[in-house]
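Next come the chains, spelled out residue by residue.
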Amino acid sequence: MEDKLQELKARLLEINDLHSVEALLGWDQSTYMPPGGGAARARQSALLSRLAHERLTDPALGRLLDDLRPYEESLPYDADDAALIRVARREFERAIKVPSAFVAQLSGHTAHMYQRWAEARPANDFGRVRDGLEKTLDLSRQLADYFQPYEHIADPLIDWADYGMKVSVIRPLFGELRHQLVPIVKAITDQPPADDACLRQYFPEKAQWDFAVDVIRRFGYDFDRGRLDKTHHPFMTKFSLGDCRITTRVDEHNLGENLFSVMHEAGHAMYEQGIRMDYEGTPLANGTSAGVHESQSRLWENIVGRSPGFWEYFYPQLQAVFPDQLGAVPQDTFYRAINKVERSLIRTAADEVTYNLHVMIRFDLELALLEGKLAVADLPEAWRARYQADLGIAPPDDKDGCMQDVHWYAGVIGGAFQGYTLGNILAAQFFATACAAHPEIPEEIRQGRFAVLHGWLRENIYQHGSKFTASELIERVTGGPLSIAPYIAYLREKYGALYNLA
Ligand code: ZN
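Residue positions are given per chain, counted from 1 along the sequence in the order it is written. pLDDT decides what is reported in this predicted model: residues at 70 or higher carry local features, side-chain atom pairs at 80 or more are listed and counted, and totals for whole chains, interfaces and linings draw on all residues regardless. Working from all heavy atoms in the structure, the side-chain values ignore hydrogens and water.

J.: I'm lost on the domain arrangement of the protein chain in this one. Help?
T.: Accessible area lost on assembly of the parts is the figure often given for the size of an interface. In this document the domain limits rely on a domain assignment from an automatic tool or a database. If you check the domain split of the protein chain, you get domain 1 (2–120) and domain 2 (167–499). Once you take the C-alpha centre of each, domain 1 and domain 2 turn out to be 28 Å apart. Every residue pair with non-hydrogen atoms within 4.5 Å of one another is taken to be in contact. Counting from both sides, the interface comprises 27 residues of domain 1 and, opposite them, 30 residues of domain 2. Considering only the side of domain 1, the residues that lose the most area to domain 2 are Trp27, Asp80 and Trp117, jointly responsible for 28% of the buried surface there. The salt bridge definition used is simple: a Lys or Arg side-chain nitrogen within 4 Å of an Asp or Glu carboxyl oxygen. Note that lysine 467 and aspartate 80 form a salt bridge whose closest N and O atoms lie 2.8 Å from each other. Think of a polar contact as two N or O atoms within 3.5 Å of one another; within protein, one of them needs to be a possible hydrogen donor and the other a possible acceptor, and neighboring residues in sequence only count if both atoms come from side chains. The interface formed by domain 1 and domain 2 holds ten residue pairs in polar contact (both at pLDDT 80 or more) in total. Under the DSSP-based scheme used, a helix requires at least four consecutive residues in state H or I and a strand at least two consecutive residues in state E, with every element numbered from the N terminus. For the side of domain 1 that touches domain 2, the secondary structure elements donating two or more residues are helix H1 (2–31), helix H5 (80–96) and helix H6 (100–120). Here the side of domain 1 that touches domain 2 takes nine residues from H1, the largest share from any one element. Buried area adds together the accessible area that both of two parts lose upon being put together, with accessible area traced by a 1.4 Å probe.

Now the structure itself:
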């Protein structure tokens, strides 16, 4: 058994390394690669991805997993070896269900679609992506069908990102959340909007950069095992547990853009940096789901980074960095500016209160497309109608309508959005649990210290990587299932105080 386990680990390490090298090529492409490198880089990435897929679907790996089943069953469920075999089997079984010819067809199509979207979006030309998107929808349905039987056609696609999650769980959860959010949004937006002019002055890049770096260093982001670079769309990527990198973009006329992106991506990276080092090179050395990952970025960006306590400590320091811009701006004005709630069109720029409404629109439209209730040709109009109904504002064009997010144009339709809202819900649930265990956390944040919170996250969430599924982890950490109650309580308390809500 020991030999077989070693062979399994050796095979998994190779697969892991192929993915890591591919990620490194991707990071380079998004940061420093000159435009001339594009064609060769696409070819090289496709090669690595194919090699990794071949190794993952190797029948010899399947036999090894079968041979190891008695050993796995002899261990307690939460033993590391049992988790390793279990998670490896899950990935193997998922991969072999999809024929490699289909994988190649899908990746060829999405690469082509991405290119078309990149041209069509600035030109506001939905017609140029329409037939391609119809093809994407066909392929998405086909992909789901490899996983029959399923309860809902979106379930296999959701499962990919948020293992174990289903439409039958998410739909009622989101329905309840929406029911609670809509009156809060209405009560806030009935009032005059917060003035955020203080954020839209000139803030030189270097000073913005240094301040953000200082903040995430204090959070606990380890620069000996990561780095920060510039890109167009901020992201986190990992090549090993010792190298978890983040990226940002800086707008010298918008102070929030870089600062909150950096906090967000650092939250993702701290999760990965905190995984146990002895999981390195195995499928356990990853965050466990899209939702849990997003909970970690949102926790640091919003619950910590947009809290009044945080700015009690950091605002005088920010004023010292930008005395001409902020010296005369009261802390309360600044705090209101970074928490401005408004009915807006763009998901990525949305505030904490309206953000989930943007996500739910996409989630519902995805389901309608997959169910065959909505035709791609009618998507732009359906998008406008839902924005009008849910947010009281409709996009004047498709550029900022159904073409605004890259997801449907760089992947399949289905499973791409629910993780954002699950993350918001979970961030509040985890934070409430952390504060119940360590009531001093809010006071520590007021003093610019994060060691207790970071230690709790590391101990309870980060270190486990993918050992537990999201629902197992939530149950273990909070003692109960996923719940929207802490999130609603958090929003009511914070925005109730900000906007004097009853
Ligand atoms: Zn994120």
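J.: I keep staring at the pairing of strand E2 (residues 236–240) and nothing clicks. Help me out?
T.: When a strand is regular, its side chains alternate between the sheet's two faces. Where burial is concerned, most of E2 is hidden: four out of the five residues are buried. Strand pairing is assigned whenever DSSP identifies at least 2 bridges connecting the two strands. By the bridge criterion, four bridges tie E2 to strand E3 (residues 243–248) in an arrangement that is antiparallel. Considered in E3, the bridge of lysine 238 is made with cysteine 244. Linking E2 to E3, which pair antiparallel, is a turn of two residues. Buried, partly exposed and exposed residues are distinguished by accessible area as a fraction of the type maximum, computed with a 1.4 Å probe on protein chains only: under 20%, between the cut-offs, and over 50%, respectively.

J.: How should I be thinking about the coordination of the zinc ion in this particular structure?
T.: Angles at a metal have ideal values that depend on geometry: 109.5 degrees with four tetrahedral donors, 90 or 180 degrees with six octahedral donors. Here the zinc ion is held by His264 (NE2), His268 (NE2) and Glu294 (OE), and the distances to it run 2.1 to 2.3 Å. Note on donors: an N, O or S atom is included if it sits within 2.8 Å of the metal, or within 3.2 Å for Na, K and Ca, and water is never included, so sites can look incomplete. For the zinc ion, the donor residues sit on a single chain with the sequence spacing H-x3-H-x25-E. Here histidine 268 is found in helix H11 (residues 255–273), whereas its partner glutamate 294 is found in helix H12 (residues 290–304), with 26 residues between them in sequence. Judged by its relative accessible area of 7%, glutamate 294 falls in the buried class.

J.: Explanation requested: the pattern of salt bridges in the structure shown.
T.: Proximity of charged atoms lets side chains of opposite charge pair with each other. Overall, the coordinates contain 47 salt bridges when judged by the stated rule. As a salt-bridge pair, lysine 494 and glutamate 352 come within 2.7 Å of each other at their nearest N and O atoms. Separated by 142 residues along the polypeptide, lysine 494 in helix H22 (residues 485–499) and glutamate 352 in the loop between helix H15 (331–338) and helix H16 (355–371) bring together distant segments of the chain. The two residues lysine 494 and glutamate 352 agree in class, both being buried. In this structure, a network of salt bridges that share partners links the residues Asp80, Arg276, Asp278 and Lys467.

J.: Would you take a moment to explain helix H3 (residues 59–67) for this structure?
T.: Because an α-helix completes one turn every 3.6 residues, residues spaced three or four positions apart along the sequence face the same direction. Of all the positions in H3, only Ala60, Leu61, Gly62, Leu64 and Leu65 are classed as buried. The secondary structure elements touched by the buried residues of H3 are H1, helix H2 (38–56), helix H4 (69–74) and H5. In this structure aspartate 58 caps H3, since a side-chain oxygen of it lies 2.9 Å from the backbone nitrogen of alanine 60.

J.: Which parts of the structure should I look at to understand the packing of H1 against H2?
T.: When two helices pack together, their arrangement is given by the angle between their axes and by how far apart the axes lie. Lines fitted to C-alpha atoms define the axes here, with helix axes fitted over just the stretch in contact, and angles between the N-to-C directions of these axes take values from 0 to 180 degrees. Direction vectors running N to C along H1 and H2 enclose 160°, while the axes themselves pass 9 Å from each other. In this view, H1 runs roughly antiparallel relative to H2, as classed from their interaxial angle. For the pair H1 and H2, the crossing hand works out as left-handed. When H1 is examined against H2, the residues Glu14, Ile15, Leu18, His19, Val21, Glu22, Leu25, Asp28 and Gln29 are found in contact with a partner set consisting of Arg41, Gln44, Ser45, Leu48, Ser49, Leu51, Ala52, Arg55 and Leu56. Across the contact of H1 with H2, the residue classes tally to eight nonpolar, five polar and five charged. Every angle not falling under 35 degrees, over 145, or within 65 to 115 is termed oblique; those three ranges are roughly parallel, roughly antiparallel and roughly perpendicular. In this scheme the crossing of two helices becomes right-handed for a clockwise turn of the near helix relative to the far one and left-handed for an anticlockwise turn of less than a right angle. By the convention adopted, Pro, Cys, Tyr, Trp, Phe, Met, Ile, Leu, Val and Ala count as nonpolar, Lys, Arg, Asp and Glu as charged, and the other residues, Gly among them, as polar.

J.: How do you make sense of the side chain of glutamine 404 when you look at a structure like this?
T.: Position of glutamine 404 among the secondary structure elements: in the loop between helix H17 (379–391) and helix H18 (418–437). Among the polar contacts listed, one links the side chain of glutamine 404 to the backbone nitrogen of arginine 347, at a separation of 3.0 Å. Residue contacts for glutamine 404: discarding those within four places in its chain leaves Trp117, Arg121, Leu345, Ile346, Arg347, Arg362, Trp383, Tyr387, Asp398 and Lys399.

J.: So what exactly am I meant to see when it comes to the environment of isoleucine 96 here?
T.: Tracing the backbone shows isoleucine 96 in helix H5. Separated by 251 residues in the primary sequence, isoleucine 96 and arginine 347 place their C-alpha atoms 35 Å from one another.

J.: What should I look at first to understand the sheet that holds E2 in this one?
T.: Within a sheet, neighbouring strands are paired by backbone hydrogen bonds and run either parallel or antiparallel to one another. Taking strand neighbours across the sheet as the criterion, the three strands line up as E1-E3-E2 in an open arrangement whose pairing is mixed. The open sheet has two free edges, formed respectively by strand E1 (228–230) and E2, since each of these has just one partner strand. Looking at each pair of strands side by side, their axes are set apart by 30° on average, direction ignored. Across three bridges, the pairing between E1 and E3 is parallel. The partner of leucine 228 across the bridge, within E3, is isoleucine 246.

J.: Can you help me understand unusual backbone geometry in this one?
T.: In terms of backbone geometry, most residues other than glycine have negative phi values and most peptide bonds are trans. Between glutamine 148 and proline 149 the backbone carries a cis peptide bond, its omega angle lying at 0°. Backbone geometry places asparagine 124, a non-glycine residue, at a positive phi of 55°. Positive phi outside glycine occurs at asparagine 500, with the angle close to 50°. As for its placement among the helices and strands, asparagine 500 is situated in the segment after H22. When its relative accessible area of 68% is taken as the criterion, asparagine 500 is described as exposed.

J.: Teacher, can you tell me more about the packing of aromatic side chains here?
T.: Aromatic rings considered in pairs are described by the distance between their centres and by the relative angle of their planes. Note on ring pairs: Phe, Tyr and Trp rings are taken, using the six-membered ring of Trp, and paired if centres are within 6.5 Å. Classes follow the plane angle, with under 30 degrees stacked, over 60 edge-to-face and the rest tilted. Under the definition given, this model contains 28 aromatic pairs. Ring plane angle 40° and centroid distance 5.9 Å describe the contact between tyrosine 114 and tryptophan 117, whose orientation is recorded as tilted. Note that tyrosine 114 and tryptophan 117 are positioned in helix H6 at a spacing of three residues, about one turn of the helix. Owing to a relative accessible area of 37%, tyrosine 114 belongs among the partly exposed residues under this scheme. With a centroid separation of 6.4 Å and an interplanar angle of 85°, the aromatic rings of phenylalanine 211 and phenylalanine 314 are classed as edge-to-face. Taken together, the positions of phenylalanine 211 in helix H10 (residues 205–219) and phenylalanine 314 in helix H13 (residues 308–321) put the pair 103 residues apart, joining distant regions of the chain. Assessed through its relative accessible area of 6%, phenylalanine 211 is described here as buried. The ring of tyrosine 77 has arginine 86 lying over it, and the distance from NZ or CZ to the ring centre is 3.6 Å. The ring of phenylalanine 417 has arginine 362 sitting right over it, with the charged end atom 5.9 Å from the ring centre. We count a charge as sitting over a ring when the NZ of a lysine or the CZ of an arginine lies within 6 Å of the ring centre and within 35 degrees of the ring normal.

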